[in-house]
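# Geometric and topological summary
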Amino acid sequence: MKMHVNRNRHIKKQAKHSDLGENGPGITVVRCPHARTCRFSGAQSKQVRTRCRGVLCRVNHWEACLIIGFKCQWLRKQILVEVKGNEIRYISRHSSEHQEVLPRLKQLSCQVCEHRVLDYHVIYGDAIIDVKCSRDGHLSSYSIK
């Protein structure tokens, strides 16, 4: 009986922590590269205004390539991530590619509070981005073309 209760707790805990899911066919989960060393990540209170969830967004793609930009709370700088199929590549801030992409980025705002969620630039293809607003925690899906 005790083993059954522990198993149910483990399953509930997994469901709670997998807000945006895991990688699968056609789905790529983009994670913060600094989540393990960041002072804003970890088991902080939900009332803390600035915190890192670790998972930035989930991209449902169909042979698409796009660049996602987000502001890291730890570095206070914008980080660019290239998502090409199931491959993720972080673009260095000091590279010429980073500087070339910045003017092309479009803003994506939360559907509820209109807070800026992330920036993106589509190189080719169509995708759907699932992202959680850092201000109100609302999960929304956006069609990107």
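The following refers to the structure shown. All figures in this text were calculated on a predicted structure; none of them were measured in a lab.

Rules used throughout
- All chains use their own residue numbering, which begins from 1 and follows the written sequence.
- Residues qualify for local features only when their pLDDT is at least 70, as the model is predicted, and side-chain atom pairs are given and counted only at 80 or more; totals for whole chains, interfaces and linings, by contrast, use all residues.
- Computation of side-chain values: all heavy atoms of the structure, hydrogens and water removed.
- By salt bridge we mean one thing: a side-chain nitrogen of Lys or Arg within 4 Å of a carboxyl oxygen of Asp or Glu.
- Numbered from the N terminus, helices here are DSSP runs of H or I no shorter than four residues, and strands are runs of E no shorter than two.
- A 1.4 Å probe rolled over the protein chains alone gives each residue an accessible area, and that area as a share of the maximum for its type sets the label: buried under 20%, exposed over 50%, partly exposed in between.
- In the analysis that follows, any N or O atom pair within 3.5 Å is treated as a polar contact, provided that within protein one partner can donate a hydrogen and the other can accept it, and provided that, for residues neighboring in sequence, both atoms belong to side chains.
- DSSP-based pairing: two strands are paired if at least 2 bridges between them are found.
- Two residues form a contact once any of their heavy atoms are found within 4.5 Å.
- Nonpolar cores are built from buried Ala, Val, Leu, Ile, Met, Phe, Trp, Tyr and Cys residues. Side-chain atoms within 4.5 Å join them into one set.

## Some words on the pattern of salt bridges
- Overall, the coordinates contain four salt bridges when judged by the stated rule.
- Where Asp 130 meets Arg 58, a salt bridge forms, and the shortest distance between an N and an O atom there is 2.5 Å. Here Arg 58 lies in strand β2 (residues 55-71) and Asp 130 lies in strand β6 (residues 116-132), a separation of 72 residues in the sequence.
- On the basis of relative accessible area, Asp 130 is assigned to the buried category, the value being 4%.
- A salt bridge links Glu 82 to Arg 89; the shortest N-O distance between them is 2.8 Å.
- Classification of Arg 89 as partly exposed rests on a relative accessible area of 36%.
- Connected via shared salt-bridge partners are Glu 82, Arg 89 and Glu 97.

## Some points on the side chain of Thr 28
- Looking at the secondary structure, you find Thr 28 in strand β1 (residues 27-31).
- One polar contact links Thr 28 to Asn 86, side chain to side chain, over a distance of 3.2 Å.

## Some remarks on the pairing of strand β7 (residues 139-144)
- Going residue by residue along β7, you find Ser 140, Tyr 142 and Ile 144 tucked away on one face and Leu 139, Ser 141 and Ser 143 left uncovered on the opposite face.
- Here β6 runs beside β7; their pairing, made up of six bridges, is antiparallel. Counted as the bridge partner of Lys 132 is Leu 139 from β7.
- In textbook terms, the turn of a hairpin is the stretch between consecutive antiparallel strands, and for β6 and β7 this stretch comprises six residues, one of which, Gly 137, has a positive phi near 75°.

## Thoughts on the environment of Leu 66
- With respect to the helices and strands, the residue Leu 66 is situated in strand β2.
- With 55 residues separating them in the primary sequence, Leu 66 and His 121 have C-alpha atoms 5.6 Å apart.
- Among residues more than four places away in sequence, those in contact with Leu 66 are Val 59, Val 81, Glu 82, Val 83, His 121, Val 122, Ile 123, Ala 127 and Ile 129.

## Some words on the nonpolar core
- Counting residues in each nonpolar core, the largest one holds 25 residues, and the members touching the most others are Val 30, Cys 57, Val 59, Ile 68, Leu 118 and Ile 129.
- For this core, the elements supplying multiple residues, two or more each, are β2, β3 (78-84), β6 and β7.
- When neighbours within four sequence positions are excluded, Ile 129 is seen to be in contact with Cys 57, Arg 58, Val 59, Leu 66, Ile 68, Ser 140, Ser 141, Tyr 142 and Ile 144.
- Core analysis: the second largest hydrophobic core is formed by five residues, Leu 80, Ile 91, Val 101 and Leu 105 among them.

## Observations concerning the environment of Cys 110
- Tracing the backbone through its elements, the reader meets Cys 110 in the loop between β5 (106-109) and β6.
- With 24 residues separating them along the chain, Cys 110 and Ser 134 place their C-alpha atoms 9.3 Å apart.
- Residues contacting Cys 110, with those up to four places away along its chain left out, are His 115, Val 117, Cys 133, Asp 136, His 138 and Tyr 142.

By themselves, these are just geometric observations and shouldn't be taken as functional.
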